[in-house]
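The residues making up each chain are set out below.
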Amino acid sequence: MTSPTLFLANADATHRLGVQLGQTLPPGTTLLLQGELGAGKTTLVQGIGAGLGIGDRIVSPTFTLINEYDEGRIPLYHLDLYRLDSSEVQGLQPQLYWEGWEVEPGLMVVEWAERLRELPDSYLTLHLLYRDEARQVQVSGTPDLCAVWTRLTADF
Ligand SMILES: Nc1ncnc2c1ncn2[C@@H]1O[C@H](COP(=O)(O)OP(=O)(O)OP(=O)(O)O)[C@@H](O)[C@H]1O
Ligand SMILES: [Mg+2]
């Protein structure tokens, strides 16, 4: 299922979209972020952190696979596949992180998600595209989360 696209005029708009996502997405959500270098993925995750009520500054994980933030409405798990080699990405299923482990279901956000080989049963994909100095988001995903997206962006 594909929903309409959204125009993000500047980095503040990307951040505000992230805030809405952070305020709205239900626990157990896998959010897949796609887009070239500098497309605005981390900016969006920083907005999500603010929307969840996380005070820490969010930066992409470098020394760990996943950065966890537990102080918000639901836990945020931030994964960035950019620096992983293909053997590390092979078979990776981020949505399994909270299944069978002592990990509370939260919001799993994956940068460079185009590198994943397998898609979860439920996910929302936001593909950030350059539009001159601005960005556009193309949305796809499973119907459950596309419905959430439609509601949360109705008056964006
Ligand atoms: N809608 C937008 N319009 C214009 N600039 C934006 C927009 N959203 C984010 N930016 C800017 O794009 C730059 C890169 O953003 P960011 O680091 O979030 O990208 P990224 O996709 O995470 O990059 P990387 O692939 O290196 O991880 C930042 O300077 C940010 O302010
Ligand atoms: Mg980034």
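Just so you know, these numbers come straight off a predicted model, no measurement behind them.

Novice: Please set out the overall build of the protein residue by residue, giving values where relevant.
Specialist: Broken down by element type, the protein carries four helices and seven strands. Taking 2.2 N^0.38 as the reference for a compact globule, 156 residues should give roughly 15 Å; the C-alpha atoms of the protein span a radius of gyration of 14 Å, in line with that estimate. Residue burial in the protein is summarised as follows: out of 156 residues, 51% are buried. Residue pairs at least 24 apart in sequence account for 65% of intrachain contacts in the protein once pairs closer than 6 positions are excluded.

Novice: Pulling in residues and values, what's your account of the site of ligand 1?
Specialist: Around ligand 1 sit 18 residues, and of these Thr 14, Lys 41, Thr 42, Thr 43 and Glu 133 come closest. A distance of 2.7 Å separates an oxygen atom of ligand 1 from a polar atom in the side chain of Lys 41. When isolated, ligand 1 has an accessible area of 640 Å², and the protein chains bury 71% of it. Broken down by element, the residue count for the shell around ligand 1 peaks at three residues, all from helix α2 (residues 41–52). Each residue belonging to the shell around ligand 1 can be placed in one class, and the counts come to seven nonpolar, six polar and five charged.

What counts and how
Residues numbered from 1 in each chain as written. Chains lettered and ligands numbered in written order. Predicted model: local features only at pLDDT ≥ 70, side-chain atom pairs only at ≥ 80, totals over all residues. Heavy atoms only, no water. Helix = DSSP H or I, 4+ residues; strand = E, 2+ residues; numbered from the N terminus. Rg over C-alpha atoms; globule rule 2.2 N^0.38 Å. Buried < 20%, exposed > 50% of the residue type's maximum accessible area, 1.4 Å probe, protein only. Contact = heavy atoms within 4.5 Å. Near = heavy atom within 4 Å. Polar contact = N/O pair within 3.5 Å; in protein donor to acceptor, adjacent residues only side chain to side chain. Areas by Shrake-Rupley, 256 points an atom, 1.4 Å probe, with all protein chains shown as cover. Nonpolar A, V, L, I, M, F, W, Y, C, P; charged D, E, K, R; others polar.

By themselves, these observations are geometric and do not establish any function.
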